[in-house]
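# Examination of the molecular architecture
This is what each chain is made of:
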Amino acid sequence: MKKWIRWQGLIAFVMVVCSVVVLWLFFLDGLVKRMVEQVGTSLAGAEVDLAAADVKLFLLGITLNGLQVTNPEEPALNSLECARIAFSLDSLNLLRGKVIVNEMAAEGMRFGTKRARPGRVPKPPEKKPEEKSSSLSLSSSMPDAKKILETEQLDSPKLIEAAGADLAKGQDQWQERMNELPDRAAIDAYQARIQKIKQAKKSGIAGLAGELGEVRALTRDLEQDLDRLKKSRAAFSADLSSAGKLLADMQEAPMKDVRRLRDKYGISSSGLQNMSQTLFGDSIGSWVRTSLLWYNRLQPIFRSAAAPKGDKQVVKPLRGSGVNVRFKESRPLPDFLISRTAVSAELEAGMLVGTIRDITPEQQVLGSPLTFSFSGEKLKAAQAMEISGALNHVRPSKAVDTAQYALRGYRVKDLSLSGSKDLPISLQEGKLDLNLLARKTEQALTGKLVVKVMDARLSAGSGNASGPLASAIKTSLSKVSQFTLTADLSGTPENYEVKISSDLDRVLKDSVGRVVQEQGDRLEKELKAAVLAKTDKQLAGLQKNYNGLLSMNGRFDDVQNQLNGLIKEATASSGAGKLKLRR
Amino acid sequence: MLTTLAKLLKVLNSETDPAQIGLAFSFAMLSGFLPFFSPVNLIVLLLVLLIRMNLSAYLLGMGFFAGLAYLLEPLFSRIGLALLTATPLEGLWTAMYNSTIWRIQQFNNTAVMGGFAFAILFFVPLFLLSNALIRQYREHVLRWVRKTRLMQMIMASKFYGIYEKVSGWSGGAA
């Protein structure tokens, strides 16, 4: 036995282990700092910096100082800065691979602070989806009709050209058919035959009997020609009527273009129905988008990617190879849990303090949802502020997240309500009460925001818009002293809609409506002149073609009258009406 | 690097018991197939230092088997998953899962369990195989290798000088 054991090895083992532990302790603070920065950066999608980390082995306490999270959309700013985060880990559970923090304190949180240097953004944020264009344009003046026609395709010139070609073709065809009608020579021939019959009549009964057959043949020929003429005339009348309708349509076509362009470039009445949507929609939509962006970024904190496998659960660890298989625990605990986090944040309105309970990505294991509750303390600019909510993923298939935000008597100064380039609107000063309720499930996103503003002083800044419409809005807003704004959010998390309504709509509609009507009429007049200038010549040509067709009507009359006259004459020449001829 | 290689050659060619080199290889396989910072490796290190076996063979073998483990990781994960989700063993795993000592070993990780099971299964066969191969090498190959022209050249090289120097050491194994 002694041959196989070397006791010096035990000393070597102790030395190796001690060296590793000493080295580990020496670099531990730096390791924790790097880990926080790396994991934080991957979670936030932007550079996370930590001034210092301090790990205390006794009671296993960790203190993080000077945490800065870069705003991925504005890398020169921090979306969050926290002066100090302190917590102690449950060491026994840590040995079992579970990070359990019973108490955490996050002090001195601030938002939107300036960074010493712009933060790195490894993955630039996704491009914002294209905004729905509002039906009301606030640009300085109505667009110029000539400029509109430079970019827009008109339908009427093409239609008139096609109609002109149709009419010309029809005219040619009828010209050919006209040639088939009895002409001067044919009439003269009939006349000669009548004269011949008349001569025969003078020669007595014997002569008349000889020519009776000729009379019958003549009248049959005349009637056949007359029938053909009547049929042609009926067809011609139908074609002429169609041509008349086509001409009328073509004369109307330029006006259709004018109305289409006016609807497109002018201000529609539906735009006037909801001006608050136009003015504030973009800003509120942007707030919703930013909130959802951060909600999605923070999802790994309260949602796990655990996949059940029979009675057991297979969990992919964040780092390392293989997967961890989880078995039933006598006292189930999630792998990561912060039971209670005390937070204090410095906002513009004052200090916000509160608690976040049960932060874990495995709520189904803990059986409790993440809840948060904050209230204002020693507020400088508001009477009261309350934020609360719950992210309930205890049953992942029926996850429900809710949030409530109430703000009372908030004294506001220079609050941007609309960042529109055309007409930026800000609330220069006022007192507001705000209530927000939001609810999100896997399939639905709903919310309601009601903002009541009192003692308001609204200001429409000097944007691109400077025409009468903008002036009317500016004047109306300057007279508003109180208003209520309601935003209703509905849809799915991927495809939602924000509907905004406000009593400002009525005020703005009254004052802006007249300006809108005047501008619309002027645009229509200009468009009409410009479009007609392009189509006038074509229409004149079309009218000429139609007139040509119309003139053929007279030719039908002439030939018909002549044929009728001949029939009458032939009848008379056949002798005292003994021969009954159809007319 | 040259020194370590020289030392291994020295170990292989020395009078060191082939069983001690084979045992070192088997422990190296166990260490290499488990994650480097696995608590089991701490116990293996204690055994390697405490039991008389060849340290150079252990260190070199651990490097080799760690590389092999990287390639075999998908296989280890499948073996581990099959074992950890086997219904007859569920009671055992559940009891172990509720014990802190076992949880520290990360036995519920598929890669750890698969690598460990694989290493345990092949521990004795590898020991016997390497034992036999070392004997064969010493009996048949070594004499022939020494006579080759290449070996003559090597023996005249600087590397061989280091090897000769190392030969004067105790050899790591008793």
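The structure contained in this document is the topic of the report that follows. (Residues numbered from 1 in each chain as written. Chains lettered and ligands numbered in written order. Predicted model: local features only at pLDDT ≥ 70, side-chain atom pairs only at ≥ 80, totals over all residues. Heavy atoms only, no water.)

### Notes on the packing of aromatic side chains
Residue and element names in this part refer to chain B. Taken as a whole and judged by the stated rule, the model has 15 aromatic pairs over all chains. These aromatic residues form a ring-pair network of at least three members: Phe-33, Phe-64, Phe-65, Phe-76, Phe-118 and Phe-122. Stacked on the ring of Tyr-97, the Lys or Arg Arg-103 has its end atom at 3.8 Å from the ring centre. (Phe/Tyr/Trp six-rings, centres within 6.5 Å; stacked < 30°, edge-to-face > 60°. Lys NZ or Arg CZ within 6 Å of the ring centre and 35° of its normal.)

### Notes on the interface of chain B and chain A
You'll often see interface size given as the accessible area lost when the parts meet. Taken together, the contact pairs 32 residues of chain B with 30 residues of chain A. The junction of chain B with chain A conceals about 2800 Å² of combined surface from both sides, 58% of it contributed by carbon and sulfur atoms. Between the two partners, chain B and chain A, sit one salt bridge. Salt-bridge contacts for A:Glu329 lead to B:Arg103; the nearest nitrogen and oxygen are separated by 3.6 Å. Between chain B and chain A we count 13 residue pairs in polar contact (both at pLDDT 80 or more) in total. Breaking the side of chain B that touches chain A down by element, the ones donating at least two residues are helix 2 (18–33), helix 3 (39–50), helix 4 (55–84), helix 5 (90–97), helix 6 (100–104) and helix 7 (110–147) of chain B. The element contributing the most residues to the side of chain B that touches chain A is helix 3 of chain B, with six residues. (Contact = heavy atoms within 4.5 Å. Buried area = accessible area lost by both parts, 1.4 Å probe. Salt bridge = Lys/Arg side-chain N within 4 Å of Asp/Glu carboxyl O. Polar contact = N/O pair within 3.5 Å; in protein donor to acceptor, adjacent residues only side chain to side chain. Helix = DSSP H or I, 4+ residues; strand = E, 2+ residues; numbered from the N terminus.)

### A look at the environment of A:Val32
Looking at the element boundaries, A:Val32 is found in helix 1 (residues 8–44). Discounting residues that sit within four places of it in the chain, A:Val32 has contacts with A:Ala53, A:Val55, A:Ile62 and A:Leu64.

### As for helix 1 of chain A
Here helix 1 of chain A spans 51 Å end to end across 37 residues, near enough to the 54 Å set by a 1.5 Å rise per residue. The sharpest bend along helix 1 of chain A comes to roughly 50°, located at A:Phe27. Residues of helix 1 of chain A that are buried: A:Gly9, A:Phe13, A:Leu28, A:Val32, A:Val36, A:Glu37, A:Gly40, A:Thr41 and A:Ala44. In this structure, the buried side of helix 1 of chain A is in contact with strand 1 (48–56), strand 2 (61–71) and helix 8 (275–297) of chain A together with helix 3 of chain B. Looking one or two places after helix 1 of chain A, you find A:Gly45, whose phi comes out positive at around 75°. (Expected span 1.5 Å × (residues − 1). Bend = angle between axes of the 7 residues up to and from the residue. Buried < 20%, exposed > 50% of the residue type's maximum accessible area, 1.4 Å probe, protein only.)

### Remarks on the pattern of salt bridges
Applying the stated criterion to the full structure yields 29 salt bridges over all chains. Here A:Lys98 makes a salt bridge to A:Asp335, at a shortest N to O gap of 3.5 Å. Placement of A:Lys98 in the loop between helix 2 (91–95) and strand 4 (99–110) and of A:Asp335 in the loop between strand 7 (324–326) and strand 8 (336–346) is noted, with a sequence separation of 237 residues between them. One salt bridge connects A:Asp249 with A:Lys245, and the closest N-O pair in it is separated by 3.9 Å. Of this pair, A:Asp249 and A:Lys245 both sit in helix 6 (residues 205–265), four residues apart, which is roughly one turn of the helix. Overall, the relative accessible area of 38% leaves A:Asp249 in the partly exposed class. For A:Lys245, a relative accessible area of 56% corresponds to the exposed category. Among the charged side chains, a salt-bridge network with shared partners connects A:Lys98, A:Arg326, A:Glu329, A:Asp335, A:Glu362 and B:Arg103.

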